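Structural description and commentary
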Amino acid sequence: MVRRFILAAACLLLSIQLGIADEKTKGKISIWLGYPETLDAFKLGQTEFKKKYPNVDVEILTFELREFEAKLAVSVPAGSGPDILALHDFIFPRYYEGGSLADMPADLAQAVNNKAIIDTPFRDIVTREGKPWGLPWWSGRNGLFYNLDHLQAAGLSGPPKSYTEVWQYAEKLTQKNEKGELTRAGISLRLTGPSGGTQKFGYFYYQLAGVQMFEPGKKPGTVQVTIAKNIDAAARVLLDHVEHLHGAKKSDDWALKHDAQGFASGAASMFMRESWVIPFVKKNGPDVKFGVVPVPRDKAFGAFNAVEVLSVNKDSKLKDAAWDFIRILQDQAIVNNVLESSGWVPLRRDRDYGSVLAKEPRFAQMTSPPSDQVQYIEAPNVAYEEMTTRVGEVIQAGFRDASLVGNMDGAKRVMMRAHDTAVKILKDNGNYSD
Amino acid sequence: MIPKKHVPDLIRDGNRFSDKIMREQESVRGNLAARFQEFRDSIKRDHLLWVLIALGPVFALFCIIRVYPILETIRLSFYRYHPTQRNRPFIGFDNYWRLLEDEAFRTALINTLQFCVMAVIITLVLAFAIAVLLRSIEKVAPVYELLLYIPVVTPWVPASVIWKWIFDPVHGILNYGLTSVGLPKLAWLQDEHVILYAIVLVSVWKMLGYFVVVYGVGLRNIPDELLEASELDGATPWQRLIYVVIPMMKPIILFTVIIATIIFFNVFAPVYVLTASAQGAPAYDFKVVIGEIYQNAFVFYRMGYAGAQSVVLLLFVLTLVFIQFTLFREKR
């Protein structure tokens, strides 16, 4: 009772403190975003921020994701760059190890360490030796998207429930013209873009192997490659892709429009992606009736999470103001906006997303995943882009090889090459773990 | 009122004053002329100094923009340089040894060589043929040259975006044309065997006009008497082309081959835009040397390794240029 009273008083004092305008602080804080769809949330935050800091300007710039990462990599180590760093989980280690992050204020650090506020897997991304260095803000959790009309027309009563059913459904949902050319993909696979391709290949791999292709190693920042130990699972996934790209079971083709654009235009009946697809398809394919379910299980049942972390640049001249901005971004209205407008799932467990879910129930699959679903996060490491790109090139070259149809040994050779490529790069960067 | 007795004095004084001014002016003019002559003499004497003063600022700018980055790139190629890592050790030739094992770079080099050879030959042969044809319709040739030059001044990126739509396997106009004459559709950017020709097509379209204009200038400078004389000697048009026109055009051909080689060997923008894997438009990952350098530098942040690749590219292009100079240079 006493503890609750103290907690309530502290919250009241904090809200009063946030409400008092700080006119002494002057200057500008700059924010760069690699996910422009979250701009609305930052603009809402900017409005609240200006009430407290009327003399501090806020500059928000958006970039395409890879361009954003390149700009950060060049500017932050040089002592410039934005005040607030919105970092993807796989590039977070780079800035922590480069000494580019400011110390977190105690209240925010406490929030990160509180399981009731931030779940443990997400806390672990930002914590080193027990000390958090950033606030996990949202996650892109994956799911299987399916076109309701296509399934009904094919006589299928509901979405696939298992890994095997995914491929069976894909064959039934595929459409071809009189020349035998595919006009609709039963499932839109990730066939190009090697780095992302590795990730999406991993969606299937995890369900069969029970582990990611690249798991965190024994020491923080190191990675272990699991492909060799799970070669049968890896080869099975590759074979399933190849058999549905060549031959009688063909369910996808490079010439068709892919991914969310393909799904929103009706060129694909199913595909796997993260939650941002929900607002995207509503906007770009308003006639498409779709549903989303967790990625169907096999031996394992897991969901990929791509996490965005908020931190402050150690070279920022307005660190306190920047951390205040980050506090404002935790407000209920702003996290609701993140979910509703961008589709990314806020990680605050102490917030109520009921109002958003009432408008869009499909988000519930992402905000409240099944209790037995394992939430996995990629092993962050400094060689992430190079490793995933080169491994993806090997895998996607395998997709094009029609001679692999029914060729388990050939598929194993390809996946071992992928394994060796990853090991070589990790060893070269000094972050390989046995 | 001026007293009468002072007027002559005044006039005399005025004349003396104006004489004095004129003498002074003549003296100044004489001094200026002398000074200018001195200046001209000093330029002749200290010629080198004046050249340095005149060209100095331009040369300084050139050094800052061109020379320093090249030297710094060469220096970086001997380091393990990652911009976000504090440890940047000197590693000697390790980056160069790594190139020998880099399959991706090898693929990029082969792709770039194939593309360069095809693009140079097709562009220059086509440009020469068009320039020769335009000579026969000299009055309207400038109109055609202008039309052909429009792609040259169009920036690479928007041009490549438009071509991406032209190449679209489902909605593109190229495949529409193919199917309308009963030919099968092609996956222009998706098929690994076809994408090279797609990129060559875009590059030839883009640069053709430039070389048509250059060859046009060269052809106009061939003396008509030579052509008339050879005609009188009974040479056919083909013989005139082979034995008169082409030999006379050798220096220009050398110039165009070198420029075309440099342009096409450094291909990047059309490949990047055409094969950019936006989520809904997959394309085959066609590797070229500059693309590999870009990826290593700005995606993998291996700046030192990208530096080594850049040095190799520089040596490669210099070698190609040297070979072309040797082959096409006029023998004295």
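Because the structure is predicted, anything quoted here is derived from the model rather than measured.

A count of helices and strands for chain A gives 18 helices and 15 strands. Its C-alpha atoms give chain A a radius of gyration of 23 Å, within 12% of the compact-globule value 22 Å for 434 residues. With the C-alpha coordinates aligned to their principal axes, the bounding extent of chain A is approximately 70 × 50 × 45 Å. Within chain A, buried positions represent 59% of all 434 residues. Put simply, 74% of the contacts in chain A that link residues at least 6 apart link residues at least 24 apart. Within the structure as shown, chain A displays about 17500 Å² of accessible surface, and the carbon and sulfur contribution to it stands at 53%. Computed over 53 positive and 52 negative side-chain charges, the inter-centroid distance for chain A is 2 Å.

The next point concerns the environment of Val225(A). Residues and elements named next belong to chain A. Secondary-structure assignment places Val225 in strand S10 (residues 223-225). Classification of Val225 as buried rests on a relative accessible area of 9%. Sequence-wise, Val225 and Asp420 are 195 residues apart; in three dimensions their C-alpha atoms are separated by 9.0 Å. With sequence-adjacent residues up to four places away left out, Val225 is seen in contact with Met213, Phe214, His419, Ala422, Val423, Leu426 and Tyr432.

Attention shifts here to the domain arrangement of chain B. Interfaces are often described in size by the accessible area the parts lose on coming together. When the domains of chain B are assigned, the result is domain 1 (6-76) and domain 2 (94-331). For domain 1 of chain B and domain 2 of chain B, the distance between their C-alpha centres works out to 49 Å.

Another point: the nonpolar core. All names here are of chain A. Counting residues in hydrophobic clusters, the biggest one holds 82 residues, and the most contacted among them are Phe42, Phe49, Trp137, Phe145 and Phe325. For this core, the element with the most residues is helix H13 (residues 319-328), which contributes 6 residues. Per-domain counts for this core show at least three residues from each of domain 1 (2-133 + 306-369) and domain 2 (142-301 + 377-429).

Now for helix H9 (residues 194-209) of chain A. Residue and element names in this part refer to chain A. Its 16 residues give H9 an end-to-end C-alpha distance of 21 Å, which sits within 8% of 22 Å, the value for a rise of 1.5 Å per residue. Where H9 bends most, the angle comes to about 35°, and this point is Tyr203. Of all 16 residues making up H9, 16 are buried, and the element is well covered by its neighbours. Remark: Gly210 follows H9 within two positions and exhibits a positive phi of approximately 80°.

A grouping of Ile70(B), Leu71(B), Ile74(B), Leu314(B), Leu315(B) and Leu318(B) is seen on the molecular surface, where their side chains present a nonpolar patch of about 530 Å² in accessible area. When residues of the nonpolar patch are traced back to their parent elements, those giving at least two are helix H2 (47-76) and helix H14 (303-328) of chain B.

Note on placement: Glu292(B) falls in helix H13 (residues 289-298). On the basis of relative accessible area, Glu292(B) is assigned to the buried category, the value being 2%. Only 2.9 Å separates the side chain of Glu292(B) from the side chain of Arg390(A), close enough to count as a polar contact. Not counting chain neighbours up to four residues away, the residues in contact with Glu292(B) comprise Arg390(A), Ala104(B), Phe105(B), Ala108(B), Lys287(B) and Gln309(B).

To continue, consider the side chain of Ser433(A). Residue and element names in this part refer to chain A. Tracing the backbone through its elements, the reader meets Ser433 in the segment after helix H18 (408-428). A polar contact of 3.1 Å, which involves the side chain of Ser433, links it to the backbone nitrogen of Lys218. With residues up to four places along the chain from it excluded, the contact list for Ser433 reads Gly217, Lys218, Thr222, Val223 and Gln224.

Here is the key point about a regular strand: its side chains alternate between the two faces of the sheet. All names here are of chain A. Of all the 5 residues making up strand S11 (residues 270-274), 5 are buried; the element is thus mostly covered by neighbouring parts of the structure. Neither face of S11 is left uncovered, since the one carrying Met270, Met272 and Glu274 and the one carrying Phe271 and Arg273 both have all their residues buried. Across 5 bridges, strand S6 (residues 135-147) lies against S11 in antiparallel orientation. Bridged to Tyr146 within S11 is Met270.

With that settled, consider the domain arrangement of chain A. Residues and elements named next belong to chain A. Examined at the domain level, chain A breaks down into domain 1 (2-133 + 306-369) and domain 2 (142-301 + 377-429). Relative to domain 2, the C-alpha centre of domain 1 lies at a distance of 31 Å. Between domain 1 and domain 2, the residue contacts involve 24 residues of the former and 24 residues of the latter. Across the domain 1/domain 2 interface, buried area totals approximately 1900 Å², and carbon plus sulfur atoms make up 65% of it. Its largest share of buried area at the contact with domain 2, domain 1 owes to Phe90, Arg362 and Met366, together 34% of the area lost on that side. Note that Lys282 and Glu360 form a salt bridge whose closest N and O atoms lie 2.9 Å from each other. Those elements that provide at least two residues to the side of domain 1 that touches domain 2 are helix H3 (65-75), helix H4 (92-97), helix H6 (120-126), helix H14 (332-342) and helix H16 (364-367). Among the residues forming the side of domain 1 that touches domain 2, the class breakdown is 11 nonpolar, 4 polar and 9 charged.

The next point concerns the pattern of salt bridges. All names here are of chain A. By the definition in use, this model includes 42 salt bridges over all chains. The shortest N-O distance in the salt bridge between Lys289 and Asp149 comes to 3.8 Å. Of this pair, Lys289 sits in the loop between helix H12 (277-284) and strand S12 (290-293) while Asp149 is found in helix H7 (residues 148-153), placing the two residues 140 residues apart along the sequence. Residues joined in a network through salt bridges with shared partners are Arg190, Lys200, Asp259, Arg273 and Glu274.

Geometry of a packed helix pair, given as the angle between the helix axes and the separation of the axes. Residue and element names in this part refer to chain B. At their nearest, the axes of helix H6 (residues 156-166) and helix H8 (residues 195-220) sit 11 Å apart, and the two run at 135° to each other. Overall, the two elements H6 and H8 adopt an arrangement that is oblique. Two packed elements cross with a definite hand, and for H6 against H8 that hand is right-handed. Here Trp156, Ala159 and Trp163 of H6 lie close against H8, whose contacting residues are Leu201, Val202, Ser203, Trp205 and Lys206.

With that settled, the discussion passes to H8(B). All names here are of chain B. The end-to-end C-alpha separation of H8 is 37 Å, in line with the 38 Å expected for 26 residues at 1.5 Å each. Of all the bends in H8, the largest measures some 40° and sits at Met207. Counting buried positions over the 26 residues of H8 gives 19, a clear majority of the element.

Turning our attention to the interface of chain A and chain B. Every contact between the two is made by 33 residues of chain A and, on the other side, 30 residues of chain B. The junction of chain A with chain B conceals about 2700 Å² of combined surface from both sides, 49% of it contributed by carbon and sulfur atoms. When residues of chain A are sorted by the area they lose upon contact with chain B, Glu386(A), Arg390(A) and Arg400(A) head the list and together hold 20% of the total. Our count for the contact surface shared by chain A and chain B stands at 6 salt bridges. Here Lys287(B) ties to Glu393(A) by a salt bridge, and the two come within 2.6 Å at their closest N and O atoms. Those elements that place two or more of their residues in the side of chain A that touches chain B are H3, H4, helix H11 (259-264), helix H17 (384-399) and H18 of chain A. The element best represented in the side of chain A that touches chain B is H17(A), accounting for 5 residues.

Criteria and cut-off values
Residues numbered from 1 in each chain as written. Chains lettered and ligands numbered in written order. Predicted model: local features only at pLDDT ≥ 70, side-chain atom pairs only at ≥ 80, totals over all residues. Heavy atoms only, no water. Helix = DSSP H or I, 4+ residues; strand = E, 2+ residues; numbered from the N terminus. Rg over C-alpha atoms; globule rule 2.2 N^0.38 Å. Buried < 20%, exposed > 50% of the residue type's maximum accessible area, 1.4 Å probe, protein only. Contact = heavy atoms within 4.5 Å. Areas by Shrake-Rupley, 256 points an atom, 1.4 Å probe, with all protein chains shown as cover. Lys, Arg positive; Asp, Glu negative; His and termini not counted. Charge placed at Lys NZ, Arg CZ, Asp CG, Glu CD. Domains from an automatic or database assignment. Core = buried A, V, L, I, M, F, W, Y, C linked by side-chain atoms within 4.5 Å. Expected span 1.5 Å × (residues − 1). Bend = angle between axes of the 7 residues up to and from the residue. Patch = residues over 30% accessible without salt bridge, like charges linked within 9 Å, V, L, I, M, F, W, Y side chains within 5 Å. Salt bridge = Lys/Arg side-chain N within 4 Å of Asp/Glu carboxyl O. Polar contact = N/O pair within 3.5 Å; in protein donor to acceptor, adjacent residues only side chain to side chain. Pairing = 2+ DSSP bridges. Buried area = accessible area lost by both parts, 1.4 Å probe. Nonpolar A, V, L, I, M, F, W, Y, C, P; charged D, E, K, R; others polar. Axes fitted to C-alpha atoms, helices over the stretch in contact; angles between N-to-C directions. Parallel < 35°, antiparallel > 145°, perpendicular 65-115°, else oblique. Left-handed = near helix turned anticlockwise from the far one by under 90°.

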